[in-house]
Amino acid sequence: MYTEKFRPKNPSMMVGNEESRIGFINWLRRWRKGAKPALLIGPPGIGKTTLVYAAAESLGYVVLEFNASDTRTKERLSSSLTPSTHSLSVLGEKLLVFLDEVDGLYARQDYGGLEFIQGFIEKSNLPVVLAANLEDDEKVRKLLPKCEVFAFKRVPPRLIHLYLKSLIEREQLNITIESINKIVEHSGGDIRAALNSLQAVLASPSSEVLEVARDKRVSLRDALNTLFNSSDREEAKSALEACDADILEKIHAIYSSLVQSKVESSVLLRSLLALSAADELVSRIKRTQEWRQLRYFNAMLSHMIFDATPRGVVQFSQDAYPWSIQLRIWNDARVLRSIGRKLGSMLHTSSREALIVHLPYLAYLLSRLGKDETQRILREFTADESELRVLNKEVARFSK
Amino acid sequence: MEILLGEPFRLPRLGEDVFRRLMRDVRLEYDRQKRVFRTTTQTDLYQLSTLLSEVLKEPIIYTVKCFICGSDAGCTSCEYSNICDRLLVSQNCLCKNCLNKEDAYTLYCMRVAETSL
């Protein structure tokens, strides 16, 4: 494979993301015990793993790599990683722990895996590097405050061109300039895809082979921004299809983005009606168990939103709270977090979902009861005075 | 308004609320002494263009700089401009002049090595 054969051995031989690359090298160079771990976030194929290995080699580290999406459970992660928290080196070699694809951990099936990683990165005696593709993934969001974050983006086409040209000259490969341009155009800023395409074109010089090489996973943010901004209907559909997020997550994110945007009310109404039709389709599929229909979901949703929403006026936004609610969240954030944790554990859901989805309903139901009954239920839920104050405020909003 | 990614730029006074959003949501960098803003790798360019075009009432155009010579990379005349989304790619590129140099890749690698020292 060209991607292995021509993998750069030195970070300065890579292309693109200069600031993040330099930042990461300096992080590793200055690393001391107790320093925050590094979290590399960016789309696939732009050189995160290559950078870790190249930087480690140039600074004399040996990499202990664990793919978090393969080694998912708490027990497996623990047996693999715990020994490395106690040692600083093996046979005199400096060690670096690399946990790739941390967004590949699935919260429900791999219960405890994420919590273990959070604990591990705090205790480790070694430099720890985490890598993830999606910044808007909930698991990655939990890790962000505990890590030094290095954001990576796609590589500009001219830099991919430069890299391929230097490689072709060095290896004396026989390929035309038109083919290089086509490879760059099909790569979509993905250097791994460009190298795979180069290898495929050299093996079989036809433009059809270019299509298969690209790793098409995109984040929810990128998918929705393409959906809202692209002038090409097919591109909007492809972006939605290339996003791995759950269908309901897509609907929620589109809803949040629409509500947060400042489009005219008639346009907003049209867009929300289109979204509600998609939501209805999902409900119908669930009710009738006609899962085969899901294959049409992305096409239908993208076409309806594309037709209903003017181009370039809506941007991705996941949390669409009005200003007054945001202010209350900031003021009562600590107390709300603790309420969310308690409520979440009672309802077997995340504290975030408990606060956003369930708490308003509970507050509404309590507001329908008598004052004494409400206080009795609240005191059963918590004895903490600040939590009672915040909960009473929530109930009072509905009593008015 | 044209913003050269990664380079300092000035904005008129936009009020406390907009400034707070630029710092907290958009994650723009601000130099208090020089009173200039700068985009970083953490900056949300989508939000920045939406917010600024709304308050300044003019479109926001991003351009990237040449990593070798530091000049404007010339996005408008770039042969890949139709496939390059400046919101999605990293903040440096190469200008046509540097790209056409025989030892462009070596110069680029040397520049990265110099900067990381």
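1. Topic: the packing of aromatic side chains
Aromatic ring pairs: the centre-centre distance and the angle between the two ring planes describe each pair.
Consideration 1: Scanning the model with the defined rule gives 10 aromatic pairs over all chains in all.
Consideration 2: Residues Tyr163 of chain A and Tyr105 of chain B carry aromatic rings whose centres are separated by 6.0 Å and whose planes lie at 65 degrees to one another, so their mutual orientation is edge-to-face. Of this pair, Tyr163 of chain A sits in helix 7 (residues 157-171) while Tyr105 of chain B sits in helix 4 (residues 104-116), which puts the two residues in different chains.
Consideration 3: On the basis of an interplanar angle of 85 degrees and a centroid distance of 5.2 Å, the ring pair of Phe19 of chain B and Tyr30 of chain B is categorised as edge-to-face. Here Phe19 of chain B, found in helix 1 (residues 16-24), pairs with Tyr30 of chain B, found in strand 2 (residues 29-31); they are 11 residues apart in sequence, far enough to count as distant.
Consideration 4: Pairwise contacts between aromatic rings join Phe9, Phe19, Tyr30 and Phe37 of chain B into one cluster.
Consideration 5: Here the basic side chain of Arg311 of chain A rests over the ring of Phe306 of chain A, its NZ or CZ set 4.3 Å away from the ring centre.
Consideration 6: If you follow Arg111 of chain B out to its NZ or CZ, it ends over the ring of Phe67 of chain B, 5.6 Å from the centre.

2. A word on the environment of Gly42 of chain A
Residues and elements named next belong to chain A.
Consideration 1: As for its position among the elements, Gly42 is in the loop between strand 1 (38-41) and helix 3 (48-58).
Consideration 2: Overall, Gly42 belongs to the buried group, its relative accessible area being 3%.
Consideration 3: Sequence separation between Gly42 and Ala151 is 109 residues, and the spatial gap between their C-alpha atoms is 6.0 Å.
Consideration 4: If sequence neighbours within four positions are ignored, Gly42 has contacts with Lys48, Ala132, Asn133 and Phe152.

3. Regarding the side chain of Gln315 of chain A
Consideration 1: In this fold, Gln315 of chain A is placed in the loop between helix 14 (297-308) and helix 15 (323-331).
Consideration 2: Taking the relative accessible area as the measure of exposure, Gln315 of chain A reaches 13% and is therefore buried.
Consideration 3: Polar side-chain contacts of Gln315 of chain A include one of 3.5 Å to the side chain of Asn229 of chain A.
Consideration 4: At 3.5 Å, the side chain of Gln315 of chain A and the side chain of Thr50 of chain B are in polar contact.
Consideration 5: Those residues in contact with Gln315 of chain A that lie beyond four places of it in its chain are Asn225, Phe228, Asn229 and Ser257 of chain A together with Tyr46 and Thr50 of chain B.

4. Describing a nonpolar patch on the surface
Residue and element names in this part refer to chain A.
Consideration 1: Side chains of Met346, Leu347, Leu362, Tyr364 and Leu365 sit close together on the surface and give an oily, nonpolar patch of about 470 Å² of accessible area.
Consideration 2: Taken together, the elements giving at least two residues each to the nonpolar patch come down to helix 16 (333-347) and helix 17 (351-367).
Consideration 3: The element contributing the most residues to the nonpolar patch is helix 17, with 3 residues.
Consideration 4: Inspection of the secondary structure puts Met346 in helix 16.

5. Brief notes about the pattern of salt bridges
Residue and element names in this part refer to chain B.
Consideration 1: Applying the stated criterion across every chain yields a total of 18 salt bridges over all chains.
Consideration 2: Arg20 is paired through a salt bridge with Glu16; the nearest N and O atoms lie 2.9 Å apart. Taken as a pair, Arg20 and Glu16 lie in helix 1 at a separation of 4 residues, close to a single helical turn.
Consideration 3: By relative accessible area, which is 61% here, Glu16 ends up exposed.
Consideration 4: Here Arg111 ties to Glu114 by a salt bridge, and the two come within 3.9 Å at their closest N and O atoms. Linking Arg111 with Glu114, this pair stays in helix 4, spanning 3 residues, or about one helical turn.
Consideration 5: Take Arg111: its relative accessible area is 32%, and that puts it in the partly exposed class.

6. Examining the nonpolar core
Consideration 1: In terms of nonpolar packing, the biggest core is built from 56 residues, with Phe24, Leu96, Val129 and Leu164 of chain A together with Tyr108 of chain B touching the most fellow members.
Consideration 2: Sort the elements by how many residues they give to this core and helix 7 of chain A lands first, with 7 residues.
Consideration 3: Beyond its immediate sequence surroundings of up to four residues, Leu164 of chain A is in contact with Ile180, Ile183, Val184, Ala194, Leu195 and Leu198 of chain A.
Consideration 4: Judged by nonpolar contacts, the second largest core, of 31 residues, contains Leu224, Cys243, Ile251 and Val267 of chain A.

7. Some details on the packing of helix 2 (residues 18-29) of chain A against helix 3 of chain A
Residues and elements named next belong to chain A.
Consideration 1: Between helix 2 and helix 3, the least distance of the axes is 10 Å, while the angle of their chain directions is 45 degrees. Taken together, the axes of helix 2 and helix 3 are oblique relative to one another. Regarding helix 2 and helix 3, the two cross each other, and that crossing is right-handed. Packed against helix 2, whose contacting residues are Arg21, Phe24, Ile25 and Leu28, the element helix 3 presents Leu51, Val52, Ala55 and Ala56 at the interface.

8. Side note on the interface of chain B and chain A
Consideration 1: Across the boundary between the two partners, chain B contributes 42 residues, which contact 40 residues of chain A.
Consideration 2: Roughly 3600 Å² is buried in total at the junction of chain B and chain A, and carbon and sulfur atoms are behind 56% of that figure.
Consideration 3: Among the residues of chain B in contact with chain A, Tyr46, Tyr80 and Tyr105 of chain B are the three that bury the most area, contributing 20% of the side total.
Consideration 4: Summed over the shared surface of chain B and chain A, the number is 3 salt bridges.

9. A look at helix 19 (residues 385-399) of chain A
All names here are of chain A.
Consideration 1: Helix length check: helix 19 (15 residues) gives 20 Å between terminal C-alpha atoms against 21 Å at 1.5 Å per residue, within 8%.
Consideration 2: Residues of helix 19 that are buried: Glu387, Leu388, Val390, Leu391, Glu394 and Val395. What you see down the axis of helix 19 is that its buried residues fit within an arc of 165 degrees, all on one side.

Cut-offs and rules
Residues numbered from 1 in each chain as written. Chains lettered and ligands numbered in written order. Predicted model: local features only at pLDDT ≥ 70, side-chain atom pairs only at ≥ 80, totals over all residues. Heavy atoms only, no water. Phe/Tyr/Trp six-rings, centres within 6.5 Å; stacked < 30°, edge-to-face > 60°. Helix = DSSP H or I, 4+ residues; strand = E, 2+ residues; numbered from the N terminus. Lys NZ or Arg CZ within 6 Å of the ring centre and 35° of its normal. Buried < 20%, exposed > 50% of the residue type's maximum accessible area, 1.4 Å probe, protein only. Contact = heavy atoms within 4.5 Å. Polar contact = N/O pair within 3.5 Å; in protein donor to acceptor, adjacent residues only side chain to side chain. Patch = residues over 30% accessible without salt bridge, like charges linked within 9 Å, V, L, I, M, F, W, Y side chains within 5 Å. Areas by Shrake-Rupley, 256 points an atom, 1.4 Å probe, with all protein chains shown as cover. Salt bridge = Lys/Arg side-chain N within 4 Å of Asp/Glu carboxyl O. Core = buried A, V, L, I, M, F, W, Y, C linked by side-chain atoms within 4.5 Å. Axes fitted to C-alpha atoms, helices over the stretch in contact; angles between N-to-C directions. Parallel < 35°, antiparallel > 145°, perpendicular 65-115°, else oblique. Left-handed = near helix turned anticlockwise from the far one by under 90°. Buried area = accessible area lost by both parts, 1.4 Å probe. Expected span 1.5 Å × (residues − 1). Arc of directions from axis to C-beta.

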